[in-house]
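Below, each chain spelled out in residue letters.
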Amino acid sequence: RAMEDQQQSSNEEKTVGEIHTKEIDLINRDPKQINEDVVKVDFEDVIAEPEGTHSLDGVWQASYTTFTVSKYWCYRLLSAIFGIPLALIWGFLFASISFCHIWAVVPCIKSYMIETHCFSKIYTVCVRTCCDPYYEAFSKVFSNIKVALRKEV
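Residues numbered from 1 in each chain as written. Predicted model: local features only at pLDDT ≥ 70, side-chain atom pairs only at ≥ 80, totals over all residues. Heavy atoms only, no water.

- Looking at an unreviewed UniProt entry, one finds the protein named Caveolin and attributed to Latimeria chalumnae.
- Here the protein is described in UniProt, under the heading Sequence similarities (unreviewed entry), as follows: "Belongs to the caveolin family." (UniProt positions renumbered as here; feature names shortened; annotations may be inferred.)

Structural data, given as structure tokens:
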């Protein structure tokens, strides 16, 4: 038994340790595709020239390059400036939410369920004692009603 506990404790420590040191994928940075339909914006999604209204080919190519490169570097600059501070803020926020959920919400709900369990038993007995006979009587009265539909011409 002691060996099982030690092995389980070792597995739990590995899991916690792996969370903080796990290898991150630098190629696929959205493995769960949470931003697939929201921020995936390419040049063709924003700027398009319909048939019959075309700019010069050089202007179109320069516009494409300008849009793509400016979007790429602007994102990199903004993420370099604000990425780490926002990651800190979001980490703090989700840690706070987890803390409140673990230490306040779930215990409060469990306490409520324990406290209301007694009242629910009493309520169930009262309803079954007072209401069930009436419902059974009504069901027997209405169970013999038959409806016949006739079409008269």
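1. Description of the UniProt feature "transmembrane region" (unreviewed entry) in the protein
- UniProt tags residues 77-104 as "transmembrane region" (unreviewed entry).
- Overall, residues 77-104 shows 100% helix and 0% strand. The separation of its end C-alpha atoms is 40 Å. (Helix = DSSP H or I, 4+ residues; strand = E, 2+ residues; numbered from the N terminus.)

2. With respect to the packing of helix H3 (residues 57-130) against helix H4 (residues 132-142)
- Running from N to C, H3 and H4 point in directions that differ by 40 degrees, and their axes come no closer than 4 Å. Of the possible angle classes, the one that applies to H3 and H4 is oblique. Of the residues in H4, those in contact with Val127, Arg128, Thr129 and Cys130 of H3 are Asp132, Pro133 and Tyr134.
- Considering only residue class, the contact of H3 with H4 consists of four nonpolar, one polar and two charged. (Axes fitted to C-alpha atoms, helices over the stretch in contact; angles between N-to-C directions. Parallel < 35°, antiparallel > 145°, perpendicular 65-115°, else oblique. Contact = heavy atoms within 4.5 Å. Nonpolar A, V, L, I, M, F, W, Y, C, P; charged D, E, K, R; others polar.)

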